[in-house]
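Coordinate inspection notes
Here is what each chain is made of, one letter per residue.
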Amino acid sequence: MYKSTKFIFVTGGVLSSLGKGLSAASIGALMECRGLTVTLLKMDPYINVDPGTMNPFQHGEVFVTDDGAETDLDLGHYERFTHAILRQKNNFTTGQIYDAVIQKERRGEYLGETVQVIPHITDEIKDKIRGLGNGVDVAIVEVGGTVGDIESLPFLEAIRQLRVDLGPQNVLYVHLTLLPFVKASGEVKTKPTQHSVKALREVGIQPDILICRTEKKITRDIKEKIALFCNVRPEEVIAAEDVTCIYEVLLNFHDEGLDQKVVELLNIWTRAPILDEWRSFIQAVKSMELSVTIGIVGKYVNLHESYKSLNEALFAAGVKNRSTVNLKFIDSELLTSETVTSEFSNVDGILVPGGFGSRGIEGKIKAVRFARENKIPFFGICLGMQMAVVEFARNVCELEGANSTEFNPETSYPVIHLMDEQRSITDKGGTMRLGAYECVIPENSECHTIYGTTRISERHRHRYEFNPEFRNILEEKGLRAGGISPDGKLIEIVEYSDHPWFIGCQFHPEFKSKPMDSHPLFASYIKACLDYKISRESKGK
Ligand code: GLN
């Protein structure tokens, strides 16, 4: 019998940053624990076609999928919480919708009609949502923005219509709100939730389930009050208490009866959820005996959201090594020859992540040098790898002034440069080397020991590349290729063996790390940092 996909729409009210993405991801994980297949979608209300051209200070990390889509960071949560493989179609923006509608209009596809928000924009949104199902049991759709914003209205109208189109048993609305605790009166307040639900009902959507963020435990009375004013049953009010580890969210949701309610309302028969793996993972997180501190040298250090996947990858590698990973964010612009020793005095590893633009570049190069000379475990990712190459060229190979042509187009030693395909590109959006590429790992390399295989696939997001003209000079001095593109043209990983752990990779391994399946490079790096810490402490440093 043909099985239709059930849709769960997740909206948010009161405030932004309440954790809609985590809630959607957690619902996905719970559905998988019941043996269902899931997919997820994020609809973003801004006009940019994708977040690729947006400043990380404003938007946080750009998450990259295997097929090279530059997407919202919530897709990172979705992939980490579930087994769904996400693609371009799992994230769209208002900009993309308008772009598609305007192109159709120019091609004459609307046959003389006046093109309007309803039905043309909403139909385009609905088509994209429907196209997502593709045989999965449950599609979870997160509506970006906060209810009441002008921007997200067409999305809300589209999801309102979909319940009528697909039938009430196939569509569920979950609304996330906040229950603020007012210290002066010592009470949890429900009014903002009531107003938020009112705003949603004004556009024709009656939420089925409310997830209420709260710092304090809430009583049955409060649930009853919310239920009464918001037109739901008390058991449809789910308390989402603050947690210390984000992966606990799904266990709390389960304890509150969320997944049971979802399958009941959507009329899905499933097995009882199997949560053992998540429970033992959380158990492992709570019983870590060790700790390491990693110095992260970058320019987006004031907004940790910019390094979301990186932070999660380090966390997962920590759990694998039974260690808490403390992150010390160091602003590369403030790193000088005078400050470098004190900044790194208490770190067990140095990591230079990806980045764009020349600000703070010399600080990053200083960080690499410090790590190399003091034999502190070093991990360079994308721009971090490029800076490791520049540092090595300058200070070991004596190529004075070596640089990436991104920062000095006139350098005599362009160790990092643009490949021919990139030289002619003028549009900035979506034109980098993006998405998954295969990479060959030489058998005698450190990376071979780490990955345990000779062929890997990793995700990229960059324009510049290691210049193969310099490969021999650098290899002679010990900076070797630990990963090469299958055609032999591109150096994807560099490694330096005369060092406890020194690896730079052109790709972003953090995008493929999962909480319970830590990425081999990160797991091995954290292990090296733990070993370094022991040797540092034994020397009394
Ligand atoms: N700016 C560098 C490039 O475009 C590195 C990019 C990155 O770190 N993601 O190649």
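Below: a short report on this structure. Chains are numbered independently. Their residues run from 1 in the order of the written sequence. Whole-chain, interface and lining totals are the exception, using all residues; otherwise, since this is a predicted model, local features are given only for residues with pLDDT of at least 70 and side-chain atom pairs are given and counted only at 80 or more. Processing note: side-chain calculations cover all non-hydrogen atoms of the structure and skip hydrogens and water entirely.

Section: the layout of surface pockets
As a reminder of what qualifies: With a 1 Å grid spanning the protein atoms alone, the term cavity applies to any set of points in which a 1.4 Å probe fits but cannot get out, the term pocket to an open set with protein on both sides within 12 Å along at least five of seven lines, and the term lining residue to any residue with an atom within 4 Å of a point. Grid points are joined across faces, edges and corners, and a volume is the space filled by probe spheres set on the points. Helix numbers and strand numbers start at the N terminus; a helix is a DSSP run of H or I with at least 4 residues, a strand a run of E with at least 2. Any residue that is not Ala, Val, Leu, Ile, Met, Phe, Trp, Tyr, Cys, Pro, Asp, Glu, Lys or Arg is counted as polar, Gly included; the first ten are nonpolar and the last four charged.
Approximately 1,100 Å³ is the volume attributed to the largest pocket. Ser 17, Leu 18, Gly 19, Asp 74 and Glu 305 are the residues nearest the centre of the largest pocket, which is lined by 45 residues in total. Contributing elements (two or more residues each) for the lining of the largest pocket: α1 (20-33), β2 (38-44), α2 (56-59), α3 (74-81), β11 (237-241), α9 (248-255) and α12 (308-320). Among the elements that make up the lining of the largest pocket, the one with the highest residue count is α1 (4 residues). Residues of the lining of the largest pocket, tallied by class, amount to 17 nonpolar, 16 polar and 12 charged.

Things to note about helix α7 (residues 191-202)
Short version of the rule: Every helix has an expected span of 1.5 Å times one less than the residues it contains. Under the scheme applied here, a residue whose accessible area is under 20% of the maximum for its type counts as buried, over 50% as exposed, and between as partly exposed, the area being computed with a 1.4 Å probe on protein chains only. The reported arc concerns the directions from the helix axis to the C-beta atoms and nothing else. What makes two residues a contact is simply this: any of their non-hydrogen atoms within 4.5 Å.
Spanning 12 residues, α7 covers 16 Å between terminal C-alpha atoms, matching the ideal 16 Å at 1.5 Å per step. Residues Thr 193, Gln 194, Ser 196, Val 197 and Leu 200 constitute the buried set of α7. Seen end-on, α7 carries its buried residues on one side only, within an arc spanning 165°. On the buried face of α7, the contacting elements are β1 (6-12), α6 (153-166), β7 (171-178), β10 (209-214) and α8 (220-230). A positive backbone phi angle near 90° is found at Gly 204, which sits one or two residues after α7.

Let's talk about the site of the ligand
How we decide: Whether a residue is near a molecule or strand depends on its heavy atoms: if one lies within 4 Å, it is near. Counted as a polar contact is a pair of N or O atoms within 3.5 Å, where, for protein atoms, one must be capable of donating a hydrogen and the other of accepting one, and residues adjacent in sequence contribute only when both atoms are in side chains. Using a 1.4 Å probe, accessible areas were evaluated by the Shrake-Rupley method; residue-level cover was limited to the displayed protein chains.
Lining the immediate surroundings of the ligand are Gly 354, Gly 355, Phe 356, Cys 382, Leu 383, Gln 386, Glu 406, Arg 461, His 462, Arg 463, Tyr 464 and His 508. At 3.0 Å from an oxygen atom of the ligand is found a main-chain nitrogen or oxygen belonging to Leu 383. At 2.9 Å from an oxygen atom of the ligand is found a main-chain nitrogen or oxygen belonging to Arg 463. In isolation the ligand has 300 Å² of accessible area, and contact with the protein removes 98% of it. Of all the secondary-structure elements, those providing two or more residues to the shell around the ligand are α15 (383-395) and β19 (455-462). Tallied by class, the residues present in the shell around the ligand amount to 4 nonpolar, 5 polar and 3 charged.

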